[in-house]
Amino acid sequence: MNELQSRARVIAGKLKQRGHTLGTVESSAGGLIAASLLSVPGASAYFIGGAVVYTAQSRHALLDLPLTLPDGMRSATEGYAAFLAEGLQRKLQTTWVLAETGASGPSGNRYGDAAGHACLAVRGPQGATITVETGDADRERNMQAFAAAALDLLDQMLDREAESS
């Protein structure tokens, strides 16, 4: 977790300096993204809340998103990560949202994505969606890799936002 905490400290400093807020929604990272951000002293200045959305039932209950996804959408895609981010941003009214969805392993998901597949989305003044493929079937390593990639993406968007200001 030390690597994640180092990334989170950098992000926390940027969020605090700007007075920005953040929410997280994650699936296969299992809460590691939120845990790393909350490990930074003073997290209450920027971290509004987070959710681990592992099922359609939790997506509906926690984000007020439909039990049935819109036509053509499935989980573990960039579109789905953006869908989760937008849902949480509506609920929490944060400056930024960081979302993650994927297949941590040891096997792939029911949609044919291999273990080590994750999609990430950042929504805020800057936004992006990316896909991460680790090529690894180890669940714990993938969870760590997904969380690290998510924090890196958020950090990049924070830098891009600062450059455009």
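In case you missed it, the structure is sitting above this.
Let me sum up the structure you'll find in this document. (Residues numbered from 1 in each chain as written. Predicted model: local features only at pLDDT ≥ 70, side-chain atom pairs only at ≥ 80, totals over all residues. Heavy atoms only, no water.)

## Side note on the overall build of the chain
And step 1. Scanning the chain from terminus to terminus reveals five helices and five strands.
And step 2. Element order for the chain, N to C, with α for helix and β for strand: α-β-α-β-α-α-β-β-β-α.
And step 3. A compact globule built from 165 residues should have a C-alpha radius of gyration of about 15 Å, and the chain, at 15 Å, falls within 12% of that.
And step 4. In terms of principal-axis extent, the alpha carbons of the chain reach across some 40 × 30 × 25 Å.
And step 5. Split into buried and exposed, the 165 residues of the chain put 50% on the buried side.
And step 6. Total accessible area on the chain is roughly 7,500 Å²; 49% of this is exposed by carbon and sulfur atoms.
And step 7. Both charge centroids of the chain, one from 14 positive and one from 17 negative side chains, sit 4 Å from each other. (Helix = DSSP H or I, 4+ residues; strand = E, 2+ residues; numbered from the N terminus. Rg over C-alpha atoms; globule rule 2.2 N^0.38 Å. Buried < 20%, exposed > 50% of the residue type's maximum accessible area, 1.4 Å probe, protein only. Areas by Shrake-Rupley, 256 points an atom, 1.4 Å probe, with all protein chains shown as cover. Lys, Arg positive; Asp, Glu negative; His and termini not counted. Charge placed at Lys NZ, Arg CZ, Asp CG, Glu CD.)

## Here we look at the environment of Leu32
And step 1. Mapped onto the fold, Leu32 is located in helix H2 (residues 32-38).
And step 2. Sequence separation between Leu32 and Val52 is 20 residues; the distance between their C-alpha atoms is 9.6 Å.
And step 3. Once you skip the residues sitting within four places of it in the chain, Leu32 turns out to touch Leu4, Glu26, Met143, Gln144 and Ala147. (Contact = heavy atoms within 4.5 Å.)

## What about the nonpolar core?
And step 1. Ile33, Leu37, Tyr46, Trp96, Leu98 and Leu154 are the most contacted members of the largest nonpolar core, which has 33 residues in total.
And step 2. Looking at this core, the elements with two or more residues in it are helix H1 (2-18), H2, strand E3 (96-103), strand E4 (117-123), strand E5 (128-133) and helix H5 (139-164).
And step 3. Considering every element that reaches this core, the biggest residue donor is H5, with eleven residues.
And step 4. If near-sequence neighbours (up to four positions away) are discounted, Leu154 is found in contact with Ile11, Leu22, Trp96, Leu98 and Val122.
And step 5. Membership of the second largest hydrophobic core comes to 17 residues, among which are Leu69, Ala82, Ala85 and Val97. (Core = buried A, V, L, I, M, F, W, Y, C linked by side-chain atoms within 4.5 Å.)

## Let's talk about the pairing of E5
And step 1. Relative to E5, E4 runs antiparallel, the two being bridged by six bridges. Bridging across to E5, Val122 finds its partner in Ala128.
And step 2. Where E4 folds back onto E5 in an antiparallel hairpin, the turn is made up of four residues. (Pairing = 2+ DSSP bridges.)

## Considerations on the pattern of salt bridges
And step 1. Enumeration according to the criterion identifies nine salt bridges in this entry.
And step 2. Between Asp152 and Arg7 there is a salt bridge, and its shortest N-O distance comes to 2.7 Å. Taken together, the residues span a long stretch of sequence, with Asp152 in helix H5 and Arg7 in helix H1 at a distance of 145 residues.
And step 3. Classification of Asp152 as partly exposed rests on a relative accessible area of 30%.
And step 4. In this structure, Arg141 and Asp138 form a salt bridge, with 3.9 Å as the shortest nitrogen-oxygen distance.
And step 5. Through salt bridges that share partners, Glu3, Arg7 and Asp152 make up one connected network. (Salt bridge = Lys/Arg side-chain N within 4 Å of Asp/Glu carboxyl O.)

## Thoughts on helix H4 (residues 78-92)
And step 1. Taking 1.5 Å of rise per residue, the 15 residues of H4 would be expected to cover 21 Å, and the 21 Å separating its terminal C-alpha atoms lies within 8% of that figure.
And step 2. The complete set of buried residues in H4 reads Tyr80, Ala81, Ala82, Phe83, Leu84, Ala85, Gly87 and Leu88.
And step 3. Those residues of H4 that are buried lie in contact with strand E1 (22-26), helix H3 (56-63), E3, E4 and E5.
And step 4. A positive backbone phi angle near 55 degrees is found at Gln93, which sits one or two residues after H4. (Expected span 1.5 Å × (residues − 1).)

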